[in-house]
Amino acid sequence: MGHVDHGKTTLLDTLRSSSVATSEAGGITQHIGAFCVPVRSPLHPSDEDVQPSTTDMTDDRLITFLDTPGHSAFSAMRARGTSVTDIVVLVVAADDGVMPQTLEVINLVNREKDKGNIGMVVAINKIDKDEADVEQAKLSLLAAGVSLEEYGGDVPCVEISGLTGRGLPDLIETLALMADVMDLRAERDCPVVGYVLESKVQKGLGPVATILVTRGTLVPGTPLLAGTSTCSTRRLLSPTTQPLASAPPGMPAIVTGWKSLPAAGDEVLAGSEGDIKKAKVNRLKKKDVESVLQDVEAINAERKARRESETGSESCGHTKNKDETEERQKLKLVVKGDVSGSVEALVGALGGIGNDLAGVDIVSTGVGDVTETDIMMAKTADALIIAFSVSVPRSVQGIASRDSVTIYPSNIIYRVIDHVRERVASLLPCTYTTKVIGEATVLQLFDIHTKANMTKRIAGCRVGNGVVEKACMARVIRDGDVIHEGPLDTLRQLKTEVTEVRKGLECGISLKDYNNLREGDLVQAFKLIEIPAVL
């Protein structure tokens with residue numbers, strides 16, 4: 001765990017000898033990744049530059065790594081990763097030091113320490129860079145409340161380079177020693193208990209979930225319950241989609257056979273089919289009761305706010321009409337994502353955008369590709385569809401175009417956040433300012449007869465400053481007071497209609513719906529400039 005772009009995925013990339021970091025959208029991790037590394041014991045000095053092999057899974061001891069996102073929007077994923085782990089590896093870049101998400105991880109670890117047995121190892125990464133300052137990074141960690149071993153504390157610190165692999169054997173050895181000291185054990189011969197790390201709808205497999213087993217041994221055919229989702233385990237796959245005969249404690253496994261998609265973070269329990277059906281019914285009943293209670297609380301809160309506003313209006317001696325009350329504008333969204341954890345992060349990040357005048361209303365969320373049902377819901381609610389790392393079939397695109405439904409596809413979360421923030425800002429009332437671009441002084445007034453036998457008064461003016469443009473607005477200033485504002489009707493030089501007159505030239509000016517110009521009046525030409533609203 002650690003701050004965004006501190007090299008967590010590159011470090012794990014080197015451990016498993018794959019290439020994940022280069023393929024990640026936007027260069028940042030947006031899912032929880034899980035994989036196992038065998039522990040070779042003992043580690044000899046001659047093995048210092050040898051990378052652990054992930055192909056040989058016959059060793060008795062394996063370390064399971066969870067790669068959590070470092071972006072600020074994925075705080076729920078980081079909290080979930082902390083709650084299911086035994087040891088947190090806090091990755092800190094030697095050229096960057098302690099950053100906001102670093103502090104968040106430290107707080108999460110301290111919170112979990114109060115609840116149970118969890119350890120922490122600090123890995124100072126990027127020591128191969130010229131601008132790396134390891135000592136400064138250690139001092140910043142001390143200032144953040146992390147007691148490192150070399151300063152008399154209890155938190156081990158390992159200097160590594162995720163890019164070159166330097167120090168990684170030391171990191172593996174440190175983790176193995178910490179596991180021995182903490183005496184981490186789990187029962188194998190008991191009903192399965194685990195947690196859902198991620199869940200998604202995968203083509204050809206249907207709803208699948210990545211599960212981290214914490215107790216028991218999961219085998220195909222085991223009935224499972226996660227939240228209100230049930231599963232008769234059909235297949236077990238490794239994170240690299242290789243078939244597994246079983247998943248012992250500490251091993252992540254992709255489980256197929258779910259009736260519906262479980263939510264990320266749900267606890268997974270195994271039992272008989274009858275017990276699981278009863279538990280599901282009880283949970284659904286409890287969920288319905290909680291939903292009703294939430295609705296009642298919302299109604300009561302709305303009534304209370306209405307009574308308070310009415311009381312406040314009466315005490316002020318006036319009541320506001322309904323038209324005078326400014327309602328909060330809302331950008332309605334339908335959020336679709338590739339995995340449930342990403343949808344959760346998006347809902348959390350997008351739901352907080354806005355202020356008292358404008359905000360976001362999440363109409364619907366879901367996992368999987370955008371469907372015709374999503375288009376119908378967006379059309380009914382007049383909502384924008386966010387398609388995060390999912391595809392939009394061509395037939396669905398045609399329906400969206402026909403129904404004038406906007407779909408914003410993206411696989412980078414901060415671009416989605418920026419786009420939604422811009423859309424919400426556009427709902428705010430705009431402010432305008434005026435910019436004077438020219439001034440003309442009325443020298444003489446002329447009455448001109450038009451073709452309709454009407455008399456029109458034209459002011460003969462000389463432009464003293466700037467440029468007077470016919471497309472601009474104008475204000476009449478007399479004795480220092482503004483007595484009229486409105487558009488120009490006529491702007492002429494001799495008998496020719498012109499679009500602009502520059503400084504030092506004379507022209508004829510008339511104003512629309514105003515016929516009371518006098519000699520000596522000052523006519524200012526100005527533009528209305530719109531200032532975009534900012535959240």
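Our structure is the block above this text.
Note that the structure is a prediction, hence the values are computed from the model and not measured. (Residues numbered from 1 in each chain as written. Predicted model: local features only at pLDDT ≥ 70, side-chain atom pairs only at ≥ 80, totals over all residues. Heavy atoms only, no water.)

1. Brief notes about the sheet that holds strand β13 (residues 329–337)
And then number 1: Reading across from one edge, β14-β13-β15-β16 is the order of the four strands in this open sheet, with parallel pairing throughout. Single-partner strands in this sheet number two, and they are β14 (358–367) and β16 (407–410). Each strand of the sheet is rotated relative to its neighbour by a mean of 25 degrees, with strand direction disregarded.
And then number 2: Taken strand by strand, helix α7 (residues 340–351) contacts β13, β14 and β15 (384–388), and its axis lies near 170 degrees from that of β14. (Pairing = 2+ DSSP bridges. Helix = DSSP H or I, 4+ residues; strand = E, 2+ residues; numbered from the N terminus. Axes fitted to C-alpha atoms, helices over the stretch in contact; angles between N-to-C directions. Contact = heavy atoms within 4.5 Å.)

2. A few points about the pattern of salt bridges
And then number 1: Summed over all chains, the structure comprises 19 salt bridges.
And then number 2: As a salt-bridge pair, R185 and D183 come within 2.7 Å of each other at their nearest N and O atoms.
And then number 3: Residue D183 is classed as partly exposed on the basis of its relative accessible area of 45%.
And then number 4: Bridged by salt links that share partners, the residues D95, K129 and E131 form one connected network. (Salt bridge = Lys/Arg side-chain N within 4 Å of Asp/Glu carboxyl O. Buried < 20%, exposed > 50% of the residue type's maximum accessible area, 1.4 Å probe, protein only.)

3. Thoughts on helix α5 (residues 168–182)
Because an α-helix packs 3.6 residues into every turn, residues spaced three or four apart end up facing the same way.
And then number 1: With 15 residues, α5 ought to run about 21 Å at 1.5 Å a step, and its terminal C-alpha atoms sit 21 Å apart, in line with that.
And then number 2: Listed as buried for α5 are L168, P169, L171, I172, T174, L175, A176, M178, A179 and M182. (Expected span 1.5 Å × (residues − 1).)

4. Quick look at the pairing of β13
Both faces of the sheet carry side chains from a regular strand, because those side chains alternate between them.
And then number 1: Examined bridge by bridge, β13 and β14 share nine bridges and lie parallel to one another. By the bridge assignment, G337 is partnered in β14 with V367.
And then number 2: Crossover β13 to β14 through α7 is right-handed.
And then number 3: Relative to β15, β13 is paired through five bridges, and the arrangement is parallel. Following the sheet pairing, G337 is matched in β15 by F388. (Right-handed = clockwise from strand over helix to strand, strands pointing away.)

5. Things to note about the side chain of K336
And then number 1: Along the chain, the position of K336 falls in strand β13.
And then number 2: Of note is the side chain of K336, whose polar atom sits 2.9 Å from the backbone oxygen of D369.
And then number 3: Among all residues touching K336, those that are not within four sequence positions of it are V343, G366, V367, G368, D369, V370, T371, D374, I386, A387, F388 and V390. (Polar contact = N/O pair within 3.5 Å; in protein donor to acceptor, adjacent residues only side chain to side chain.)

6. Quick word on a nonpolar patch on the surface
And then number 1: Where nonpolar side chains cluster on the molecular surface, the patch consists of L139, L142 and Y151 and spans about 250 Å² of accessible area.
And then number 2: Structurally, the position occupied by L142 is in helix α4 (residues 134–143). (Patch = residues over 30% accessible without salt bridge, like charges linked within 9 Å, V, L, I, M, F, W, Y side chains within 5 Å. Areas by Shrake-Rupley, 256 points an atom, 1.4 Å probe, with all protein chains shown as cover.)

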